[in-house]
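# Structural features, examined
The primary structure of each chain is shown beneath.
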Amino acid sequence: MGTVSELCASSFQAFLCPAVRPGAPAAATVPDDLSPEERHELESIRRRKQELLQDIQRLKDEIAEVTTEIESLGLTEERKSMQRNKQMIMGRKKFNMDPKKGIRFLIDSSLLKNTSNDIGQFLYKGEGLNKTAIGDYLGERDDFNIQVLHAFLELHEFTDLNLVQALRQFLWSFRLPGEAQKIDRMMEAFARRYCRCNPGVFQSTDTCYVLSFAVIMLNTSLHNPNVKDKPSVQRFTAMNRGINDGGDLPEELLRNLYDSIKNEPFKIPEDDGNDLTHTFFNPDREGWLLKLGGGRVKTWKRRWFILTDNCLYYFEYTTDKEPRGIIPLENLNIREVDDSKKPNCFELFISDHKDQVIKACKTEADGRVVEGNHTFYRISAPTAEEKDEWMNSIKAAISKDPFYEMLATRKKKVSSLKGL
């Protein structure tokens, strides 16, 4: 069977000259009984027929060429689509390991436009993206990152939501970074967006900012098992007096926020992709150290330590995918100590709380994750130089809870404005 174009051309040829096979030379004989005018007309018909046959062949060739191009185009587009998908997957993986490099790769691959709106939309959709990486990128202080943060927030609709509902939506779209300045920028942007969506609820964005932090801290106090002294609604209300440009917020509003958090804590989003790949990709420091055990029999164990994201992780082997223990460095101090059995020692401890157990966790041999029982962590480095380097790196990573510091700073600002 021929193609449709070939069948059409053959039918047209047969219609023009049924007795002549397509492609066969036309007969040259001329009947003797024709007049000169008839002979001339016959020759004209034959010439026209040849021209039409040539046109048909030309059309056939053109149709065949276009068909080939269409088929080739389909294959090319499919290949392009597959290549684009592969590059997008690679770009997401790069973003999860290093957000800035991932965004640059996607822009260079023409998968993202180098505009705050396009990147904000990409982060808002969040498909295959690490929530921690999103938070790190949005919290950067570069002017462009701040523009992306505002574009990201413009995609959140907070109209007619109370503050807790808006915070639930906002904090589900990424993970708050641990750095105080990043949190400050992000919560400032949130407060501005919320007040634009809900004009008249608060006197100023400062009020929204302070109350947002108070709500986040309330969530921690009510639902963290390590916090024994749970705040009452009366204490929560008293803590937030005078924050509305010197005036008090409606007590009913504060009670509703309290009840909402008490009945349902904030949910921390699960990370898409390999969270540990991102966490340990670019650590502040890593290496072998000796750690004194916390059991009844104090033994020293060699562990592979990684310092990153204000946490100290330790592994039994460098090839382990999961850490044996995690020591958050928030509110800890570090000091150099002498040990009779090991040289180059230093300790992690809680100031002014000698007997308080440090908030940490470890994995038992049977796979259970349990709370640590250390009131201090004593660690020994191989050399004095490495001890100093580890201590300096840990000192730089140790931070106090930023929420309290930022809340106090903003309250002080509100108070000073009130006095003007």
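In what follows, the structure referred to is the one given above.
A brief look at the structure comes next.

Quick notes on the rules
Residues numbered from 1 in each chain as written. Predicted model: local features only at pLDDT ≥ 70, side-chain atom pairs only at ≥ 80, totals over all residues. Heavy atoms only, no water. Phe/Tyr/Trp six-rings, centres within 6.5 Å; stacked < 30°, edge-to-face > 60°. Buried < 20%, exposed > 50% of the residue type's maximum accessible area, 1.4 Å probe, protein only. Lys NZ or Arg CZ within 6 Å of the ring centre and 35° of its normal. Helix = DSSP H or I, 4+ residues; strand = E, 2+ residues; numbered from the N terminus. Pairing = 2+ DSSP bridges. 1 Å grid on protein atoms, 1.4 Å probe; cavity = no way out; pocket = protein on both sides within 12 Å on 5 of 7 lines; lining within 4 Å. Points joined across faces, edges and corners; volume = space filled by probe spheres on them. Nonpolar A, V, L, I, M, F, W, Y, C, P; charged D, E, K, R; others polar. Expected span 1.5 Å × (residues − 1). Arc of directions from axis to C-beta. Contact = heavy atoms within 4.5 Å.

## Points about the packing of aromatic side chains
Enumeration according to the criterion identifies 14 aromatic pairs in this entry. Measuring from ring centre to ring centre gives 4.8 Å for Phe170 and Phe174, while their planes differ by 70°; the resulting arrangement is edge-to-face. Of the residues examined, Phe174 reaches a relative accessible area of 1% and is grouped as buried. Ring-pair connections join several aromatic residues into one group, and the members of that group are Tyr124, Phe152, Phe158, Phe170, Phe174, Phe190, Tyr194 and Phe202. The ring of Trp288 has Arg302 sitting right over it, with the charged end atom 3.9 Å from the ring centre.

## Brief notes about the pairing of strand E4 (residues 325–328)
Residues Gly325 and Ile327 line the buried face of E4, whereas the alternating positions Ile326 and Pro328 sit on a face that is not buried. Looking at chain direction, strand E3 (residues 311–315) and E4 are connected through four bridges and run antiparallel. Each residue of the ladder has a partner; that of Tyr313, found in E4, is Ile326.

## Concerning the layout of surface pockets
Of the volumes computed, that of the second largest pocket is approximately 260 Å³. As for the second largest pocket, its lining consists of 13 residues, and the residues nearest its centre are Lys291, Gly293, Lys301, Arg324 and Lys362. Mapped onto the lining of the second largest pocket, the elements with two or more residues apiece are strand E2 (300–308) and strand E7 (361–363). Taken together, the residues of the lining of the second largest pocket break down into one nonpolar, six polar and six charged.

## Considerations on helix H13 (residues 384–397)
When the terminal C-alpha atoms of H13 are compared, their 20 Å separation across 14 residues agrees well with the 20 Å that a helix rising 1.5 Å per residue should span. Buried within H13 are the following residues: Lys387, Trp390, Met391, Ile394 and Ala397. Within H13, the buried residues cover an arc of 125° as seen down the axis, which keeps them to one side. Of the residues in H13, the exposed ones pointing more than 90 degrees away from the buried face are Glu385, Asn392 and Ala396. Elements in contact with the buried residues of H13: strand E1 (285–292), E2, E3, strand E5 (333–337) and strand E6 (345–349).

## Here we look at the pairing of E1
Where E1 lies against E2, eight bridges are found, and the strand directions are antiparallel. Counterpart to Leu289 in the pairing with E2 is Arg303. Summarising the sheet, E1 and strand E9 (residues 376–380) pair through two bridges and their orientation is antiparallel. By the bridge assignment, Lys291 is partnered in E9 with Ile379.

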